[in-house]
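Results of the structural survey
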Amino acid sequence: MGLGFVMGVLGSFALAHAAYSTIQYRGLLKIMEEDFKGPPMNVIVELVLGFSFCMWAALSVQGKFLSIHPDSDENRVVSLPANLDFMIFNHRGKLFSSQSDMKLKA
């Protein structure tokens, strides 16, 4: 577990705690029969910090990059599916000429 993952977990907990604090604050205001004008300042600060931690984690934790080279062995189709009913070869792509049909004009 890297630092980015830990910051993401902390940010998620901070966002969940801010939501819980806002719900508690609204319940307290209902008991005191006051209008809700917005969350308190400490909840807003907690929301901003939690959001920034989550954004940092999303930008710093990367996945494994896969090869996209057309000649790579990882991109080869090993076998066709057993049900060939959904393989359609009669489509709009046949209107465009393929590379083998094109000839160089000199």
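Structure: see above.
These numbers were taken from a predicted model, which means no experiment stands behind them.

Let us now look at the overall build of the protein. Across its full length, the protein holds two helices and zero strands. Each of the 106 residues in the protein was classed as buried or not, and the buried ones make up 13%. For the protein, the exposed area adds up to about 9900 Å²; of that, 65% sits on carbon and sulfur atoms.

Turning to a nonpolar patch on the surface, a few remarks are in order. On the surface, a nonpolar cluster with roughly 710 Å² of combined accessible area is contributed by Met1, Phe5, Val6, Val9, Leu10, Phe13 and Val61. Within the element layout of this structure, valine 6 appears in helix 1 (residues 3-31).

Look at helix 2 (residues 41-60): 29 Å from first C-alpha to last across 20 residues, which is about the 28 Å you get at 1.5 Å a residue. Structurally, helix 2 contributes buried residues whose contacts are with helix 1.

What follows concerns helix 1. With 29 residues, helix 1 extends 42 Å from end C-alpha to end C-alpha; this agrees with the ideal 42 Å at 1.5 Å per step. For helix 1, the set of buried residues is Gly4, Met7, Gly8, Gly11, Ala14, Ala18, Ser21, Thr22 and Leu29. Its buried side turned inward, helix 1 meets helix 2. Positive backbone phi, at 55 degrees, marks glutamate 33, one or two positions downstream of helix 1.

Now for unusual backbone geometry. We note that glutamate 33 has phi near 55 degrees; this positive angle belongs to a residue other than glycine. The exposure class assigned to glutamate 33 is exposed, which follows from its relative accessible area of 73%.

Right, let's get into the packing of helix 1 against helix 2. Taken N-terminus to C-terminus, the directions of helix 1 and helix 2 make an angle of 150 degrees; their axes are 7 Å apart at the nearest point. Judged by the inter-axis angle, helix 1 sits roughly antiparallel to helix 2. The hand of the helix 1/helix 2 crossing is left-handed. On the side of helix 1, the interface is formed by Leu3, Gly4, Met7, Gly8, Gly11, Ser12, Ala14, Leu15, His17, Ala18, Ser21 and Thr22, while helix 2 contributes Val43, Glu46, Leu47, Gly50, Phe51, Phe53, Cys54, Trp56, Ala57 and Ser60.

This brings us to the side chain of serine 21. Position of serine 21 relative to the elements: it lies in helix 1. Accessibility expressed as a relative area gives 15% for serine 21, which makes it buried. Residues contacting serine 21, with those up to four places away along its chain left out, are Val43 and Glu46.

What counts as what
Residues numbered from 1 in each chain as written. Predicted model: local features only at pLDDT ≥ 70, side-chain atom pairs only at ≥ 80, totals over all residues. Heavy atoms only, no water. Helix = DSSP H or I, 4+ residues; strand = E, 2+ residues; numbered from the N terminus. Buried < 20%, exposed > 50% of the residue type's maximum accessible area, 1.4 Å probe, protein only. Areas by Shrake-Rupley, 256 points an atom, 1.4 Å probe, with all protein chains shown as cover. Patch = residues over 30% accessible without salt bridge, like charges linked within 9 Å, V, L, I, M, F, W, Y side chains within 5 Å. Salt bridge = Lys/Arg side-chain N within 4 Å of Asp/Glu carboxyl O. Expected span 1.5 Å × (residues − 1). Contact = heavy atoms within 4.5 Å. Axes fitted to C-alpha atoms, helices over the stretch in contact; angles between N-to-C directions. Parallel < 35°, antiparallel > 145°, perpendicular 65-115°, else oblique. Left-handed = near helix turned anticlockwise from the far one by under 90°.

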